[in-house]
Amino acid sequence: NAGVTQTPKFRVLKTGQSMTLLCAQDMNHEYMYWYRQDPGMGLRLIHYSVGEGTTAKGEVPDGYNVSRLKKQNFLLGLESAAPSQTSVYFCASSAAGGSYEQYFGPGTRLTVT
Amino acid sequence: TQLLEQSPQFLSIQEGENLTVYCNSSSVFSSLQWYRQEPGEGPVLLVTVVTGGEVKKLKRLTFQFGDARKDSSLHITAAQPGDTGLYLCASRKAAGNKLTFGGGTRVLVKP
């Protein structure tokens, strides 16, 4: 099993450009999440999904959009990138109930110049 | 929003020494998880604690949940270079699947 995969691994954007980050999981998990990680600030939740076709805002949703058209995929979009969105982005998934353990992907390092 | 404070922010020790990192909040946790993140990778779950006063051991790692369920600690005995990483605590509200993460403690174990 691949677990949680993310593409791309690295990306450099210019201010105003758009891009989509793709997350895929093969564990049949109901829940999926997008986080950003900045130095000294741990992980902050951007958006999450409790099932196919549903999404919800997290702690820092502004400037991002998401879609969950298929259960195994969760897409994070930046419509007009800003330097403040320079960060490392992590996708995670978890099963419903149980220990609520979240399984993380390897991350995408995004730089906006 | 439940805020989690982790201390210290950074810890550098020699191989063989012991260390303790802390996770504190002003609110009561429903449950608390500890994750370790190695450079260039995503966090990986180490343990989940649920009951106040609970102590869990994972080889050389000992996790304690405070009696009032507002704090937790992670103690590493005889640290090894492989213990190097970012240690994150995360709490979950009583209802729901979302986690709130602390800022992390970066641990460096020198050989």
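Definitions and limits used
Residues numbered from 1 in each chain as written. Chains lettered and ligands numbered in written order. Predicted model: local features only at pLDDT ≥ 70, side-chain atom pairs only at ≥ 80, totals over all residues. Heavy atoms only, no water. Salt bridge = Lys/Arg side-chain N within 4 Å of Asp/Glu carboxyl O. Buried < 20%, exposed > 50% of the residue type's maximum accessible area, 1.4 Å probe, protein only. Helix = DSSP H or I, 4+ residues; strand = E, 2+ residues; numbered from the N terminus. Contact = heavy atoms within 4.5 Å. Polar contact = N/O pair within 3.5 Å; in protein donor to acceptor, adjacent residues only side chain to side chain. Pairing = 2+ DSSP bridges. Axes fitted to C-alpha atoms, helices over the stretch in contact; angles between N-to-C directions.

Points about the pattern of salt bridges
Inspection of the entire model under this criterion finds 6 salt bridges over all chains. Note that D38(A) and R36(A) form a salt bridge whose closest N and O atoms lie 2.9 Å from each other. The pair D38(A) / R36(A) is uniform in exposure class, with both members buried. Where D83(B) meets R60(B), a salt bridge forms, and the shortest distance between an N and an O atom there is 2.8 Å. Separated by 23 residues along the polypeptide, D83(B) in the loop between strand 8 (71-76) and strand 9 (85-92) and R60(B) in the loop between strand 6 (55-58) and strand 7 (61-65) bring together distant segments of the chain.

Describing the environment of R36(A)
Residue and element names in this part refer to chain A. Tracing the sequence through the fold places R36 in strand 4 (residues 31-37). Its relative accessible area of 9% is what places R36 among the buried residues. In contact with R36, other than residues within four places in its own chain, are G42, L43, R44, I46, V60, Y64, S84, Q85, T86, S87, V88 and Y89. Polar contacts involving the side chain of R36 include one to the side chain of Y64, which spans 2.9 Å. A polar side-chain atom of R36 sits 3.4 Å from the main-chain carbonyl oxygen of T86.

Some thoughts on the sheet that holds strand 8 of chain B
All names here are of chain B. Taking strand neighbours across the sheet as the criterion, the 5 strands line up as 1-3-8-7-6 in an open arrangement whose pairing is antiparallel. Of all the strands in the sheet, just strand 1 (5-7) and strand 6 have a single pairing partner and so form its edges. For this sheet the average axis-to-axis angle between neighbouring strands, irrespective of direction, equals 15°. Relative to strand 3 (residues 19-24), strand 1 runs antiparallel, the two being bridged by 3 bridges. What sits directly across from Q6, in strand 3, is C23.

Taken by themselves, the reported measurements are silent on function.
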